[in-house]
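# Breakdown of the fold
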Amino acid sequence: QVQLVESGGGLVQPGGSLRLSCVVSGRFFSINTMGWYRQAPGEQRELVATITDYYTTNYADSVKGRFTISRDNAKNTVILQMQGLKPEDTAVYYCKTSIVQQAGWGATYYWGQGTQVTVSS
């Protein structure tokens, strides 16, 4: 069974920084694209950033230049480094990964449980 466990959320003042981590555990063949999404109260879940297994990155316009996504394949981990945080970044942040459980199988998407990020003075 594949599990995604996020950590690193919390309360931070505007202009501050946070580092989110998501560790993938369980039995699987490979991890493809990894990413972060967020959902604010009353809003739809939206893409924040993704990184492919070839390290190609993609960012939402609202976070470009402030957030950096990276991955450590040896640790099955994806990181979101957030700087210059704004109140509008307040949301629950979710990790999402595309995983192939066995060679020759198609990929399946998995979500983490979410971690709260609150930006407030």
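Higher on the page you've got the structure.
Calculation rules
- Residues numbered from 1 in each chain as written.
- Predicted model: local features only at pLDDT ≥ 70, side-chain atom pairs only at ≥ 80, totals over all residues.
- Heavy atoms only, no water.
- Phe/Tyr/Trp six-rings, centres within 6.5 Å; stacked < 30°, edge-to-face > 60°.
- Helix = DSSP H or I, 4+ residues; strand = E, 2+ residues; numbered from the N terminus.
- Buried < 20%, exposed > 50% of the residue type's maximum accessible area, 1.4 Å probe, protein only.
- Disulfide = S-S within 2.5 Å.
- Salt bridge = Lys/Arg side-chain N within 4 Å of Asp/Glu carboxyl O.

## A word on the packing of aromatic side chains
The tally for this structure, following the rule as stated, stands at two aromatic pairs. Their ring planes at 65 degrees and their centres at 5.2 Å tell us that Tyr37 and Trp111 sit as a pair that is edge-to-face. Of this pair, Tyr37 sits in strand E4 (residues 30-39) while Trp111 sits in strand E10 (residues 107-111), and the two are 74 residues apart along the sequence. In this structure Trp111 comes out as partly exposed when scored by relative accessible area, which is 36%. Between Tyr94 and Trp111, the aromatic rings sit 6.4 Å apart at their centres with planes inclined by 85 degrees, giving edge-to-face as the arrangement. Of this pair, Tyr94 sits in strand E9 (residues 91-100) while Trp111 is found in strand E10, placing the two residues 17 residues apart along the sequence. Tyr94 sits in the buried class, given a relative accessible area of 13%. One aromatic cluster is present, built from ring pairs that chain together Tyr37, Tyr94 and Trp111.

## Some points on the state of the cysteines
In total, this model carries one disulfide according to the counting rule given. Two residues, Cys22 and Cys95, share a disulfide whose sulfurs are 2.2 Å apart. On the S-S bond that ties Cys22 to Cys95, the torsion sits near -80 degrees, and the link is left-handed. Residue Cys22 is found in strand E3 (residues 18-25), and its partner Cys95 is found in strand E9; the two are separated by 73 residues along the sequence. As far as burial versus exposure is concerned, Cys22 and Cys95 are alike and both buried.

## Considering the pattern of salt bridges
Side chains bearing opposite charge may pair, as long as their charged atoms lie close to each other. Scanning all chains against the criterion turns up four salt bridges. Between Asp61 and Lys64 there is a salt bridge, with the nearest N and O atoms lying 3.1 Å from each other. A single burial state applies to Asp61 and to Lys64, both of which are exposed. Asp89 is the salt-bridge partner of Arg66, the closest N and O atoms lying 2.7 Å from each other. With a gap of 23 residues between them, Arg66 in the loop between strand E6 (57-59) and strand E7 (67-72) and Asp89 in the loop between strand E8 (77-82) and E9 connect regions that are remote in the sequence. For the pair Arg66 and Asp89, a shared accessibility class is recorded, and that class is buried. Within the structure, one salt-bridge network assembled from shared partners comprises Arg38, Glu46, Arg66 and Asp89.

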